[in-house]
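Residue-level structure breakdown
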Amino acid sequence: MAHIPREMQDLPRSGIRALMDLAWAQPGPVIRLEVGQPDRIPPEHIRQAMADSVMAGETGYTPNAGIPELREACAAKLRQVNGIDVEPSQVLISAGSMQGLSVSILGLTTAGDEILVPDPGWPNYAMAARIARATPVAYPLRSESGYLPDPETIEPLITDRTRILLVNSPSNPLGTVVDQDRLAALCELAERHDLWLLSDECYDQIVFEGEVAPSPAPIAPDRVLSVHSFSKTYAMTGLRVAYVSGPLAVIETLTKMQEALIACVNGPAQKAALAALEGPQDFVAEMRQTYQRRRDRAVAAAEELGLPHHRPDGAFYLWLPLGDRIGDPMEFCRRLVVEHGVAVAPGSTFGAGGAGAVRVSLAAAEEDIVAGLERLAAALSG
Ligand SMILES: Cc1ncc(COP(=O)(O)O)c(C=O)c1O
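Rules and cut-offs
Residues numbered from 1 in each chain as written. Predicted model: local features only at pLDDT ≥ 70, side-chain atom pairs only at ≥ 80, totals over all residues. Helix = DSSP H or I, 4+ residues; strand = E, 2+ residues; numbered from the N terminus. Rg over C-alpha atoms; globule rule 2.2 N^0.38 Å. Buried ≥ 20, exposed ≤ 12 C-beta atoms within 10 Å, placed from the backbone. Near = placed C-beta within 6 Å. Nonpolar A, V, L, I, M, F, W, Y, C, P; charged D, E, K, R; others polar. Domains from an automatic or database assignment. Contact = placed C-beta atoms within 7 Å. Expected span 1.5 Å × (residues − 1). Pairing = 2+ DSSP bridges.

A word on the overall build of the protein. Helix and strand counts for the protein come out as 13 helices and 11 strands. For the protein, the C-alpha radius of gyration of 20 Å lies close to 21 Å, the compact-globule estimate for 382 residues. Taken over the C-alpha atoms alone, the protein extends approximately 60 × 55 × 50 Å along its principal axes. In the protein, buried positions account for 51% of the 382 residues.

The full set close to the ligand counts 13 residues, and Gly96, Ser97, Asn172, Ser229 and Ser231 are the nearest of them. Considering each element in turn, the shell around the ligand owes the most residues, 3 residues, to helix H5 (residues 96-108). When its residues are assigned to classes, the shell around the ligand shows 4 nonpolar, 8 polar and 1 charged.

Split into domains, the protein comes out as domain 1 (6-41 + 282-381) and domain 2 (44-278). Elements that contribute at least two residues to the side of domain 1 that touches domain 2 include exactly helix H11 (282-304) and strand E9 (317-321). For the side of domain 1 that touches domain 2, the element with the highest residue contribution is H11, accounting for 6 residues. Considering only residue class, the side of domain 1 that touches domain 2 consists of 14 nonpolar, 11 polar and 6 charged.

Another point: the environment of valine 244. Checked against the element boundaries, valine 244 lands in strand E8 (residues 242-245). Considered as a pair, valine 244 and serine 94 are 150 residues apart in the sequence and their alpha carbons are 7.0 Å apart. Sequence-distant contacts of valine 244, defined by excluding residues within four places in its chain, comprise Leu92, Ser94, Gly100, Ser104, Leu225, Val227 and Leu254.

Bringing helix H10 (residues 267-278) into the picture now. Compared with an ideal rise of 1.5 Å per residue, which puts 12 residues at 16 Å, H10 spans 17 Å between its outermost C-alpha atoms and is within 8% of the ideal. For H10, the complete set of buried residues consists of Gly267, Pro268, Ala269, Gln270, Lys271, Ala272, Ala273, Leu274, Ala275 and Ala276. Taken together, the buried residues of H10 touch helix H3 (44-55), helix H4 (68-82) and strand E2 (91-94).

Now for the pairing of strand E11 (residues 357-361). The buried fraction of E11 amounts to 5 of the 5 residues, a majority that puts the element mostly inside the structure. On E11, burial covers both faces: Ala357, Arg359 and Ser361 on one face and Val358 and Val360 on the other are all buried. In terms of strand pairing, E9 meets E11 through 5 bridges, oriented antiparallel. Each bridged residue has a counterpart across the sheet, and for tryptophan 319 the counterpart in E11 is arginine 359. Where strand E10 (residues 342-346) and E11 come together, 2 bridges link them in antiparallel fashion. If you follow proline 346 over to E11, its bridge partner there is valine 358.

Below, the structure written as structure tokens:
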């Protein structure tokens, strides 16, 4: 066989996916708390817009940067909801935020550059860095600092190869929300070392205080690239629509790159995204309240069961730093599925800082979340 580069063959497989496969393979029912996917479908007007677009025959290519009306609607949403002042020309529609993050990393690094990624953090950042032949450098999010990015801890990790500081707020897996002052300090750090700040705001509207998480872009508009998604806010994960916004020169570069990466995002899915922004927003508010109720119930259950936990302020995950008693995290999570009928994500899949922890998804019915936590507590004491 011809050569397959070692670094691509060695890309680590997501521990969450491994758990999903195991849960599917079980003969009996398993409580599914491992995956980060809303347990709802998009409101009807969104699905209808996509169906109408297909039926109208809008099945051709669209512009590399996305359809103009969606870029306009995204710019308006960024201004009104996130306080980010951009023109439609500064918005690129991507195939989910994963693809938006990947094209950004590819566009802003050359081989051998370094990208600072959170640990614990979403494992796909490191994968995307490796695909770009860049090196992911983990910066720790420590419980002593409330699992928030600390500029003083990050600064010593910066070298002359560092190009990007990646910040994710609200965080997957921790549910932390970074406040304005800390964002300003991170922007200042990026400024001082001439880095791009790549801000993953996939869960921007899933917060439990106020209606939106603060964004760094208004603080340093020339330095920040923001990535927002329709996936979680409107339960549209499979439709694959998100948007990257930032300085015009960057967006123009990324737009050219899209031609050779995906050409364009699925046109009818873009129409669904447009309907999501232009239609009623009650679904967003309703889901925010639903996740908050689940968060409160899950935190109360964890307290009752004596499970160490970090109370999330956003996103839809509960982080349980259980410590040494779980032993090998992947093995513990396997045992939870096979012997106790509950699937959670092993903390180790989110980086070295996740050893001894598990992540419980709150994108499930309250009774399932509570039953899952009870089974987890039983497994720990058994
Ligand atoms: C932190 C974070 N960023 C980005 C994504 C990707 O979302 P999508 O590509 O569906 O927009 C996810 C999905 O789980 C996530 O948790």
